[in-house]
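Chain by chain, the residues run as shown.
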Amino acid sequence: MKDVLNGVKSSINRRKFVKNGLTAASAATMGVGLLASSSSAFAKNGPEEHSGSLTKGDAAILRFLAAAEILETDLWQQYNELGGIQDSEVPGGSGNSVYTAALAVLDSDMAQYIHDNTEDELTHEVFINAFLASNGADTVNLDQFRTLPSSKASGAQQIGRLTNLMQLTVDTSWWTRYRVGNKNPDFGDTFDQAVPTLNMGQHPAIPRTDDDLTPNDHIQAIANTAGFHFGTIEQGGTSLYPSLAQRVNHPDVLRIVLSIGPTEAMHFQTWSDKAGNAPALTDPKDSTLVFPDLNSPPLGGEEFQTNLIMPEPTIFLSRSLPACSIVRPTATKGAAMGALKFLTAMGLFIGQSPAFFQLLTDLAEDADAAKNGRA
Ligand SMILES: [Fe+2]
Ligand SMILES: [Fe+2]
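Residues numbered from 1 in each chain as written. Chains lettered and ligands numbered in written order. Predicted model: local features only at pLDDT ≥ 70, side-chain atom pairs only at ≥ 80, totals over all residues. Heavy atoms only, no water.

S.K.: Mind showing me how you'd approach the overall build of the protein here?
M.R.: Scanning the protein for helices and strands turns up 12 helices and four strands. Across the 375 residues of the protein, 55% fall into the buried class. For the protein, long-range pairs separated by at least 24 residues make up 79% of all intrachain contacts whose partners lie at least 6 apart in sequence. Carbon together with sulfur atoms contributes 56% to the accessible area of the protein, which is approximately 15,100 Å² in total. (Helix = DSSP H or I, 4+ residues; strand = E, 2+ residues; numbered from the N terminus. Buried < 20%, exposed > 50% of the residue type's maximum accessible area, 1.4 Å probe, protein only. Contact = heavy atoms within 4.5 Å. Areas by Shrake-Rupley, 256 points an atom, 1.4 Å probe, with all protein chains shown as cover.)

S.K.: Which parts of the structure should I look at to understand empty space enclosed by the protein?
M.R.: Empty space among the atoms can be located by rolling a probe the size of a water molecule over them. Here the structure, examined in full by the defined rule, presents three cavities of 30 Å³ or more. Roughly 160 Å³ of internal volume is contained in the largest cavity. If you go around the largest cavity, you meet 14 residues; those closest to its centre are Ala 68, Glu 72, Gly 237, Leu 240 and Leu 343. Among the elements of the structure, helix H4 (56-83), helix H8 (216-245) and helix H11 (335-345) are those that each provide at least two residues to the lining of the largest cavity. Per-element tally for the lining of the largest cavity: the top contributor is H8, with five residues. A class-by-class count of the residues in the lining of the largest cavity yields nine nonpolar, two polar and three charged. (1 Å grid on protein atoms, 1.4 Å probe; cavity = no way out; pocket = protein on both sides within 12 Å on 5 of 7 lines; lining within 4 Å. Points joined across faces, edges and corners; volume = space filled by probe spheres on them. Nonpolar A, V, L, I, M, F, W, Y, C, P; charged D, E, K, R; others polar.)

S.K.: Got a minute to help me understand the coordination of the iron ion (ligand 2) in this structure?
M.R.: Octahedral six-donor coordination of a metal ideally yields angles of 90 or 180 degrees, compared with 109.5 degrees for tetrahedral four-donor coordination. Note on the iron ion (ligand 2): its protein donors are Glu 72 (OE), Glu 121 (OE), Glu 234 (OE), Glu 234 (OE) and Glu 264 (OE). The metal-donor distances range over 1.9 to 2.6 Å. Donor residues for the iron ion (ligand 2) sit on one chain with the sequence pattern E-x48-E-x112-E-x29-E. The iron ion (ligand 1) is placed at 3.4 Å from the iron ion (ligand 2), the two being bridged by Glu 72. One end of the pair, Glu 121, is in helix H6 (residues 110-134); the other, Glu 234, is in helix H8, with 113 residues separating them in the sequence. Neither residue differs from the other here; Glu 121 and Glu 234 are each classed as buried. (Donors = N, O, S within 2.8 Å, 3.2 Å for Na, K, Ca; no water.)

S.K.: How should the layout of surface pockets be read in this particular structure?
M.R.: Of the pockets and cavities examined, the largest pocket occupies roughly 660 Å³. In terms of lining, the largest pocket is formed by 29 residues, of which the most central are Arg 177, Gln 235, Pro 329, Gly 338 and Phe 342. At the level of elements, helix H7 (174-177), H8 and H11 are the ones that each hand at least two residues to the lining of the largest pocket. Across the lining of the largest pocket, the residue classes tally to 12 nonpolar, 12 polar and five charged. The computed volume of the second largest pocket comes to approximately 190 Å³. Looking at side-chain class alone, the lining of the second largest pocket contains 10 nonpolar, four polar and three charged residues.

S.K.: What exactly am I supposed to notice about the coordination of the iron ion (ligand 1) here?
M.R.: Within the protein, Glu 69 (OE), Glu 69 (OE), Glu 72 (OE), Glu 121 (OE), His 124 (ND1) and Glu 264 (OE) serve as the donor atoms for the iron ion (ligand 1), at 2.0 to 2.5 Å. Considered as a linear motif, the donors of the iron ion (ligand 1) on their single chain read E-x2-E-x48-E-x2-H-x139-E. For Glu 72, a relative accessible area of 10% puts it in the buried group.

S.K.: Please clarify how H6 should be interpreted in this entry.
M.R.: Along an α-helix, residues three or four positions apart point the same way, because every turn accommodates 3.6 residues. Between its terminal C-alpha atoms H6 stretches 36 Å, which fits the 36 Å expected from 25 residues at 1.5 Å a residue. Following H6 by one or two positions, Gly 136 adopts a phi angle in the positive range, close to 75°. (Expected span 1.5 Å × (residues − 1).)

S.K.: I'm lost on the packing of aromatic side chains in this one. Help?
M.R.: Aromatic rings in a pair are described by how distant their centres are and how their planes are angled relative to each other. Applying the stated criterion to the full structure yields 16 aromatic pairs. One aromatic cluster is present, formed by Trp 174, Trp 175, Tyr 178, Phe 228, Phe 268 and Phe 291 through successive ring pairs. The lysine or arginine in question, Arg 179, covers the ring of Trp 175, its NZ or CZ lying 3.6 Å from the ring centre. Seen from the ring of Phe 191, Lys 183 lies directly overhead, with NZ or CZ sitting 5.8 Å from the centre. (Phe/Tyr/Trp six-rings, centres within 6.5 Å; stacked < 30°, edge-to-face > 60°. Lys NZ or Arg CZ within 6 Å of the ring centre and 35° of its normal.)

S.K.: Just to check I follow, could you spell out unusual backbone geometry for this structure?
M.R.: In terms of backbone geometry, most residues other than glycine have negative phi values and most peptide bonds are trans. That bond from Thr 214 to Pro 215 is cis: its omega, -10°, falls within 30 degrees of zero. Residue Pro 297 is joined to Pro 298 through a cis peptide bond whose omega torsion reads 5°. A positive phi angle is found at Leu 317, which is not glycine, with a value near 65°. Along the polypeptide, Leu 317 turns up in the loop between helix H10 (301-304) and H11.

S.K.: Mind showing me how you'd approach the side chain of Ser 150 here?
M.R.: Secondary-structure assignment places Ser 150 in the loop between strand E2 (139-140) and H7. When its relative accessible area of 4% is taken as the criterion, Ser 150 is described as buried. For Ser 150, the side chain forms a polar contact with the main-chain oxygen of Gln 157, separated by 2.9 Å. Apart from residues lying up to four places away in sequence, Ser 150 is in contact with Gln 157, Gln 158, Ile 159, Arg 161 and Met 166. (Polar contact = N/O pair within 3.5 Å; in protein donor to acceptor, adjacent residues only side chain to side chain.)

S.K.: Help me understand the environment of Trp 174 in this model?
M.R.: Turning to its location among the elements, Trp 174 is positioned in helix H7. Contacts of Trp 174, omitting those with residues within four sequence positions, involve Phe 228, Gly 231, Thr 232, Gln 235, Phe 268, Ser 272 and Ala 275.

S.K.: Which parts of the structure should I look at to understand the pattern of salt bridges?
M.R.: When their charged atoms lie close together, side chains carrying opposite charge are able to pair. A complete count under the given rule lists seven salt bridges for this structure. Here Asp 143 ties to Arg 146 by a salt bridge, and the two come within 2.7 Å at their closest N and O atoms. Here Asp 143 and Arg 146 have matching classes, each one buried. Beyond isolated ion pairs, a larger network of salt bridges with shared partners links Asp 74, Asp 143 and Arg 146. (Salt bridge = Lys/Arg side-chain N within 4 Å of Asp/Glu carboxyl O.)

Dropping the structure here:
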């Protein structure tokens, strides 16, 4: 997948996909319409986006975050249509009772949490774009890329999607990363997987068709996959915001990233707790997918037992300093591109066009080029 990101350098002009800051009013009032409607108010072509009254770096960081939040909203929307609560706050879909029940095995409030996480991402997306627009800076619109198919299972809307939840390779190493006290990815450390087979091959996290609703252990394996994917996505946001916060300039931009980032951590903590309830099983339709008992070796015990959901203090900044309970990683260098590679490697964008990868790569490169006086 790394090659996909590095190999797209054709001549497409990304200005086509960012909207001019003059559309501030429409961006601010677009609300949930942003999910499905496309705007015709494209900026005229040019070599770079406008930053308005923001510094170039602040605008670039916010645009990358806006793109990430649009993608998050798209994936959470798909979960909500099938396994959440469909209402006026998060419209679309009609629910799938079998999938919803399988998710409820992890926690009886899963549908509510899925709904609330979806609504949160939508507000992140809309707010960041509206802030950019209100400062005369170009915003991000990915509607051109809503081309991926929806699930055909009962309950899903049939609309074009930005993200693919049906062929995921889920990195579950956050489970151990937050539970060990002498390692930190910012020091180059690596971490064992909670569910090694989920980090290999491709697995659906939502039912693809109604055939996926039986037998019981198969739809439970899909719900378990979702349960771990929720944590995987939200730990990414938990690291991304503090990583990029180190390079913003304006106090309002700092306040935005410092205020949104911790909500990603609230999501992550919730999902970290729920994933521990995923029942041990082997998928009867895919014997390569095995959910182990997380309270048995090689996990379990004092370090890994499933009710230990708060971060274990670990090394931070220097091994000579005392251990500290922290988000990790938070290194700022290359943080945006790292996030894009992480999302791409999990299969979230399987089926997307080269133009999509080029736009996201350009937005990440610009965000990673942002500098301030401190970093
Ligand atoms: Fe978010
Ligand atoms: Fe999030």
